[in-house]
Amino acid sequence: MRLISINVGRPREIEWRGKTVRTSIFKDPVTGPVRVHKLNLAGDEQADLSVHGGVDKAVYAYPSEHYAYWRDELPGIEFPWGAFGENLTTEGMIEGSLRIGDRVSIGSGEFLVTQPRLPCFKLAVRFGRSDMVKRFQRSARTGFYLAVVREGSISSGDPIQVISEAQPGVTVAEIARLYTADDAEQDLLRRASEVAALPDSWREYFRNRL
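By convention here, each chain's residues receive numbers from 1 onward along its written sequence. Whole-chain, interface and lining totals are the exception, using all residues; otherwise, since this is a predicted model, local features are given only for residues with pLDDT of at least 70 and side-chain atom pairs are given and counted only at 80 or more. Hydrogens and waters are ignored; side-chain quantities use all the structure's heavy atoms.

## Topic: the overall build of the protein
Cut-off, in case you're wondering: We count a stretch as a helix when DSSP gives it H or I for four or more residues in a row; a strand needs E for two or more, and each element gets its number in order from the N terminus. Put simply, the radius of gyration uses C-alpha atoms, and a globule should come to 2.2 Å times the residue count raised to 0.38. Three labels apply to residues, based on accessible area from a 1.4 Å probe with only protein chains included: buried if under 20% of the type maximum, exposed if over 50%, partly exposed otherwise in between. Contacts were defined at the residue level, with two residues in contact if any of their heavy atoms lie within 4.5 Å. Working definition of accessibility: Shrake-Rupley area with a 1.4 Å probe, residue cover restricted to the visible protein chains.
Each helix and strand in the protein was counted, giving 6 helices and 12 strands. Computed over the C-alpha atoms, the radius of gyration of the protein is 17 Å, within 12% of the 17 Å expected from 2.2 N^0.38 for a compact globule of 210 residues. Each principal axis of the C-alpha distribution contributes one length, and for the protein these read about 45 × 40 × 35 Å. For the protein, the residues scored as buried account for 50% of the 210 residues in total. In the protein, the share of contacts with a sequence separation of at least 24, taken over all contacts with a separation of at least 6, comes to 72%. Approximately 9800 Å² of the protein is accessible, and the part contributed by carbon and sulfur atoms is 48%.

Dropping the structure here:
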């Protein structure tokens, strides 16, 4: 596993459907080393802290493996690294095998996997397509958020190592699927509600469905 690209950006204002939208979804690759702070990367800033950022969503990662799918799905659109607003474009970290609560090291930083991404309308703004949020949800290619356990520095090309696997094991993909699924998977709902690394709002949501 390795870090393919580090992507950062600051808020900008974009016209969307007759309104001005402030967003930080536009990210540009940087070579590094880049300093990792508790709430973001150096050179990066979240635009709306009511729904983005914070300790549990300090860094957003997206698997590079998904880019081939999107290039086939939406021909004619350019997909540079960072296209989905991710801070880290990764290789070898897939939602179906990565668990909520797994700890990973990159460079001198250490991170905790906390949750999948739930897309908002700013993904539609980024690609200029009103159907992009639904496409993203249907694809099950959510990426995942990381909390910063230990601040440090990272560079493109750094190896990524899972240094601790969470128990009980509930994957990022299972959490994402469970969020919109019916209540038939009661055992998985129960296990998800007990995952300490999952933010309180997620666990409460799952507990209410038991």
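## Concerning the pairing of strand 3 (residues 19-23)
Condition: We call two strands paired when DSSP finds no fewer than two bridges between them.
Judged from the 5 bridges that link them, strand 2 (residues 12-16) and strand 3 form a sheet pairing that is antiparallel. Within strand 3, the residue paired with Glu 13 across the bridge is Arg 22. Linking two consecutive strands that pair antiparallel, namely strand 2 and strand 3, is a turn of 2 residues; a positive phi of about 55 degrees is found at Arg 17 within it.

## Quick look at unusual backbone geometry
With a phi close to 55 degrees, Arg 17 is a non-glycine residue in the positive phi region. Of note, Arg 17 is situated in the loop between strand 2 and strand 3. By relative accessible area, Arg 17 is classed as exposed at 66%. Positive phi values are uncommon outside glycine, yet Ala 140 reaches one of about 65 degrees. Tracing the backbone shows Ala 140 in the loop between helix 3 (132-139) and strand 10 (144-150). Relative accessible area serves as the criterion here: at 52%, Ala 140 is assigned to the exposed category.

## Things to note about the packing of aromatic side chains
Rule in force here: The pairing test for Phe, Tyr and Trp rings, Trp by its six-membered ring, is centres within 6.5 Å, and the orientation test on the planes gives stacked under 30 degrees, edge-to-face over 60, and tilted for anything in between. Criterion for a charge above a ring: Lys NZ or Arg CZ within 6 Å of the ring centre, and within 35 degrees of the ring normal.
Applying the stated rule across the entire model yields 18 aromatic pairs. Aromatic side chains Tyr 62 and Phe 136 sit 6.1 Å apart centroid to centroid with 25 degrees between the ring planes, which places their arrangement in the stacked category. With Tyr 62 in strand 6 (residues 59-63) and Phe 136 in helix 3, this residue pair connects regions lying 74 residues apart in the sequence. Each of the two residues, Tyr 62 as well as Phe 136, counts as buried. Through a chain of ring-to-ring contacts, three or more aromatic side chains come together here, namely Tyr 60, Tyr 62, Tyr 67, Tyr 69, Trp 70, Phe 79, Trp 81, Phe 84, Phe 127, Phe 136 and Tyr 145. The ring of Trp 81 has Arg 71 sitting right over it, with the charged end atom 6.0 Å from the ring centre. One residue, Arg 117, lies across the ring of Phe 136, its end atom 5.3 Å from the ring centre.

## Side note on the pattern of salt bridges
We count it as follows: Every case where a carboxyl oxygen of Asp or Glu lies within 4 Å of a side-chain nitrogen of Lys or Arg is listed as a salt bridge.
Summed over the entire model, instances satisfying the criterion amount to 13 salt bridges. Across the salt bridge formed by Arg 10 and Glu 45, the nearest N and O atoms sit 3.5 Å from each other. In this pair, Arg 10 sits in the loop between strand 1 (2-8) and strand 2 while Glu 45 sits in the loop between strand 5 (34-36) and strand 6, placing the two residues 35 residues apart along the sequence. Salt bridges linked by common partners bring Glu 73, Arg 129, Asp 131 and Arg 135 together as one network.

## Let's talk about the packing of helix 4 (residues 172-180) against helix 5 (residues 186-193)
Defined as follows: An axis is simply a line fitted to the C-alpha atoms; with a helix, the fit covers only the stretch in contact. Between two such axes, the angle follows the N-to-C directions and lies from 0 to 180 degrees. Here is the rule for handedness: rotate from the far helix to the near one, and if that takes an anticlockwise turn smaller than a right angle the crossing is left-handed, while a clockwise turn gives right-handed. Each residue is assigned to one class: nonpolar for Ala, Val, Leu, Ile, Met, Phe, Trp, Tyr, Cys and Pro, charged for Asp, Glu, Lys and Arg, and polar for all the others, Gly among them.
It is the contact of helix 4 with helix 5, at a shortest axis distance of 11 Å, that shows an interaxial angle of 115 degrees. Helix-helix and strand crossings are classified by hand; for helix 4 and helix 5 the assignment is left-handed. Contacts between helix 4 and helix 5 pair Glu 174, Ile 175, Arg 177 and Leu 178 from the former with Leu 188, Leu 189 and Ala 192 from the latter. For the contact of helix 4 with helix 5, the residue count by class is 5 nonpolar, no polar and 2 charged.

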